[in-house]
Amino acid sequence: MNYTALSFWALFLGVYLVYWRLGHKAQNSWLLLASYVFYGSWDPRFLFLIVLSTAVDFLGGLGVAGVTVDRALGRRVAIAVIASSLVFGSGLPWQEWWKVIWDGNTQAPFAPIRTANFQVPMATTAAVLAYWWGAKALYRGPSETRRKAFLTFSVGANLAILGYFKYADFFVTSLLDLSRVCGVQLNLTTLNLVLPLGISFYTFQAMSYTVDVYRGHVEPTRSFRDFALFVCFFPHLIAGPIMRAHTLLPQITGPRADARRTDQMAEGCVLVLIGLFKKLVMADTMAPLANAVFRNPGAGLPPLDGAVIVLGVYAFALQIYGDFSGYSAIARGISKWLGFELSVNFHLPYLATTPGEFWRRWHISLSSWLRDYVYIPLGGNRLGRAKEYRNLFVTMLLGGLWHGASWHFVVWGAFHGLLLAVFRIARARTLAPALNPVRWLLRVTLVFHLTCLGWLLFRADSLQMAWQLLVTVFTHFDLGAPLVRPFVTLILVFGFLPCVLELPFRGEMRLDGLGRSPWWVQTPVYLYLGLMIVFFHARQSSEFIYFQF
Amino acid sequence: MSSSTSNSKRTTWLALAIALLGLELFTRSLLLPSSKEFQKLAELPSLGARLTASPGLRVALLGNSVTERGVDEALFNQELGRLWNQPVSSAVIAANASEVKTWYYMLEASFYRQELAPDVLVVTFFEDNLADGEVQLDRLAHRLTTLNDWPSLFRVDVTGFDERVQFVLASVWATQAAARRVHDRTMNMLLADYPAFATALYWLTHDPQSPHPPKPQPTYRALERFIARLKQRGQRTVFVAYPTRPGDPRAAYAVDPKALELLSAADICVVDLRDAPGITPDLYNADGAHLLTSGKSIYTRLLAMALGQLPAGCVR
């Protein structure tokens, strides 16, 4: 269920109508239930994984801080993990369970002889028991050993979950390719695992909690429910923004002002409207143009012209911006209705004058996460220029890998790492000059096109496709090709114009300014957004791009 | 919140309400009535009444734009009348891009709701017209259905939650019902020939030479409902498989055996004109489906001849 489905809004209405009638703790429980229902509606099996990840980091945070877990709390966490493994991780059909409970039917296929169905619950129970045994020993030992052990446990477990589900097949396939090149025969098969939705987002968010507790930036929470809500808060669960514990956890643990009596309701409405416009109108109109260029090869397909390819890349740049920033805007809007503030995730990224500035404006929550948990621990810029550039490169390489288990994502990340390093070198050799409007425009144009070159690598199915498209751009470029004019028109009207309209509000930074504008400013803006959605939402809506990460 | 901000909010809400109301009035009184498509649908009851009041054998030709642009009514009457040795009156009951889901309601609107019926119903289809496809929500909501049709609609046509909400919205909010028209007209203004662009874009990504990925198994609930209604009314019916441009792999289509099975089980005759002699590629326009003026008379004669040669019991 996603934000473009009316069924989501119908369910959300049900959640919202009850929410503000509840006390603070009941609100958290209600939101947690709603979050699990929304997440589980994609695939209930993934609920086990998110509960497991939650438990790991909850206990990890307490262990790092040396806070003893009392028996009642420990039992609750253990029951939650084991129960979720039984219900969601065992693969047993629920109807069979019901038959046994209702009919007392001991002949049901799930009878204990089928131990294969119980592998995950048995492994989970064993892991829980091993944890309790190990934790007791760690709590009795030296504090620094305990802190490092729990940190390693938390980060290691999260990376293991992420690595297994997202990267196992990538590494196996790459190993097989390498072995073929080297003439070695390896007997490996891929696992063909389904990628759990939002796994990259929630594991990063949960990991950052434990690291922040270790660094003393945040106190660990003793409420499993509140921490579970921090991990799976549904507005941002699938595609961010990735929230830090010191920002979101206090909003969960502390009471919230009634959003219905503040400007948050109106601001939320505006954000949701903007988000739906960006997704349904901008992104979904650009999608077919981009898909036409990044198509699967076929002998019977007409050849593409270089100018059309360039326009297709522009279309993708606008598609991914509309898609992702639209999702983030809706997430922020819904959160405001519930009394929460999520951080701004996009700030007019295509107006950046350097690649570094681009990453301070694009997917801000991820780039700041990479800065704080990868770049700075690697040494940042404190170990000399050469290591600074190496750290930038490695950080962006990992950022590329985060986006997807494929070499073209790795190359995309490396490309941005290289850009960051090169621009740092260029800036180091010259004092940063004040930019007059012409130079500013030239720099923005340059950085936009370098970003688009990166998007070509990002969107192409393979490095080979990216290379072929690039070669065509330089060898068969014809502005008179038949599709150029319609592509340009659609990109200008449905892609470029909305971006220009964002400028007075500095993206989402000055939306409060819109709320204070006179009615003859607000009315046309709301009418434009609403009617564009009604009239021009693409008949075939595409899935949010970042759901695949 | 200060009182000036509250006043501004109230004024904004008021301005929005007035603007939306104005747009709704404009849509109901000018935009929708000016649509040729909506006008045609509004005239279906009178078209049906006119046909049933006509002399001779009354033949209704139900279908989409290929029927509308492919059949010359006067020539059809003349040719079929000659073959059957009796006067024939006909009427084309067609709506652009319509399929079996819409045809059911077009037939209801034209005839059955008025307790009228043609003597013979000829339903022309091609590609997936008989399968459960996309619903034309705006037409169904605003012109072709009544509240009494909602149970059937929700059972067969709009089965998903999102579709039902959109249908209900389009039923009460004309602006929503007119959305597709506004979209298509604006796109035509921006792109000069939007359908041609959309087609070109489609063929950029669909390789006619590649084996098609397996389509999900189509369902035929709408066809089953249609057949049941025809049987209930004792309607003599023929289904015609329309000939798209011969020799064009992009235009060629197969008729699903499941659809034929359903028609056969209901004793409904099917005429297959896909490989009919006399139909040549030059008779079609660029899309390979719609006939040019030069092809209209040839197809009309072909259709009349095919119907005229049907065994007794099929339509007479």
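Thresholds applied
Numbering of residues begins from 1 in every chain and follows the order in which that chain's sequence is written. Numbering of ligands from 1 and lettering of chains from A proceed in the order in which they are written. The predicted origin of the model limits local features to residues at a pLDDT of at least 70 and limits the giving and counting of side-chain atom pairs to 80 or more, whereas totals for whole chains, interfaces and linings rest on all residues. Hydrogens and waters are ignored; side-chain quantities use all the structure's heavy atoms. Secondary structure is summarised from DSSP: a helix means a run of H or I of at least four residues, a strand means a run of E of at least two, and numbering begins at the N terminus for each. Each radius of gyration is computed over the set of C-alpha atoms, and the globule rule expresses the reference value as 2.2 Å times the number of residues to the power 0.38. Only protein chains enter the accessibility calculation, which uses a 1.4 Å probe. A residue is then buried if its area is under 20% of the maximum for its type, exposed if over 50%, and partly exposed in between. Any two residues having at least one pair of non-hydrogen atoms within 4.5 Å are treated as being in contact. For the area figures, the Shrake-Rupley method with a 1.4 Å probe applies, and any residue is considered shielded solely by the protein chains shown. Neither His nor the chain ends contribute to the count of charged residues, in which Lys and Arg are positive and Asp and Glu negative. Note that the charge is assigned to NZ on lysines, CZ on arginines, CG on aspartates and CD on glutamates. For the purposes of these results, a polar contact is taken to be a pair of N or O atoms within 3.5 Å, where, inside protein, one atom must be able to donate a hydrogen and its partner to accept one; residues adjacent in sequence count only when each atom of the pair is a side-chain atom. We define a salt bridge as a contact between a side-chain nitrogen of Lys or Arg and a carboxyl oxygen of Asp or Glu at a distance within 4 Å. Ten residue types, Ala, Val, Leu, Ile, Met, Phe, Trp, Tyr, Cys and Pro, are classed as nonpolar, four, Asp, Glu, Lys and Arg, as charged, and the remainder, Gly among them, as polar. When we speak of the arc, we mean the arc of directions from the helix axis to the C-beta atoms. Strands were regarded as paired on the criterion that DSSP finds at least two bridges between them. Handedness of a crossover is defined as follows: with both strands directed away from the viewer, a clockwise route from the first strand across the helix to the second makes it right-handed. Disulfides are defined as cysteine sulfur pairs within 2.5 Å.

Visitor: What should I look at first to understand the overall build of chain A in this one?
Guide: The secondary structure content of chain A amounts to 22 helices and 0 strands. The C-alpha atoms of chain A give 25 Å as radius of gyration, which agrees with the globular expectation for 549 residues (24 Å, within 12%). Across its three principal directions, the C-alpha atoms of chain A cover 75 × 70 × 55 Å. By residue count, 55% of the 549 residues in chain A fall in the buried class. Of all intrachain contacts in chain A linking residues separated by at least 6 positions in sequence, the fraction that spans at least 24 positions is 78%. For chain A, the computed accessible surface area is about 24,700 Å², with 66% contributed by carbon and sulfur atoms. For chain A, the centre of its 45 positive side-chain charges and the centre of its 27 negative side-chain charges are spaced 6 Å apart.

Visitor: Which parts of the structure should I look at to understand the side chain of Ser-174 of chain A?
Guide: All names here are of chain A. Topologically, Ser-174 is positioned in helix α7 (residues 143-181). Classification of Ser-174 as buried rests on a relative accessible area of 15%. Here Trp-407 takes part through its side chain, which lies 3.1 Å from a polar atom of the side chain of Ser-174.

Visitor: So what exactly am I meant to see when it comes to the environment of Ile-199 of chain A here?
Guide: Within the secondary structure, Ile-199 of chain A is located in helix α8 (residues 199-215). When the C-alpha positions of Ile-199 of chain A and Ile-238 of chain A are compared, they lie 7.7 Å apart, and in sequence the two are 39 residues distant.

Visitor: Please explain the interface of chain B and chain A as it appears in this structure.
Guide: You'll often see interface size given as the accessible area lost when the parts meet. Chain B puts 35 residues into the contact, and the matching count from chain A is 39 residues. The interface formed by chain B and chain A holds 0 salt bridges in total. Counting across the chain B and chain A interface gives 4 residue pairs in polar contact (both at pLDDT 80 or more). Those elements that place two or more of their residues in the side of chain B that touches chain A are α1 (3-34), α9 (161-172), α10 (174-177), α11 (179-191) and α12 (194-205) of chain B. The residue inventory of the side of chain B that touches chain A, partitioned by class, reads 20 nonpolar, 11 polar and 4 charged.

Visitor: Just to check I follow, could you spell out helix α11 (residues 245-253) of chain A for this structure?
Guide: In an α-helix, one turn spans 3.6 residues; hence positions three or four apart end up facing the same way. All names here are of chain A. All of the buried residues in α11 are Ala-245, Leu-248, Leu-249, Gln-251 and Ile-252. Projected onto a plane normal to the axis of α11, the buried residues spread over an arc of 160° and lie on a single side. On its buried face, α11 sits against α2 (24-40), α8, α9 (224-232) and α10 (234-237).

Visitor: Help me out: how do you make sense of the pairing of strand β4 (residues 236-241) of chain B in this one?
Guide: Side-chain positions along a regular strand alternate between the two faces of the sheet. Residues and elements named next belong to chain B. The element β4 is extensively covered by neighbouring structure, given that 5 of its 6 residues are classed as buried. Sheet topology places β4 next to strand β5 (residues 269-272); 4 bridges connect them, and they run parallel. Bridge pairing links Val-238 to Cys-269 in β5. Considered for its hand, the β-α-β crossover made up of β4, helix α14 (residues 257-265) and β5 is right-handed.

Visitor: How should I be thinking about the state of the cysteines in this particular structure?
Guide: Here a disulfide denotes a covalent bond joining the sulfur atom of one cysteine to the sulfur atom of another. All names here are of chain A. Tallied over the entire structure, the rule returns 0 disulfides over all chains. There is no disulfide at Cys-452, and the cysteine sulfur nearest it, in Cys-499, is 11 Å away. Take Cys-452: its relative accessible area is 4%, and that puts it in the buried class. Look at Cys-499 and you get buried, because its relative accessible area is 16%.

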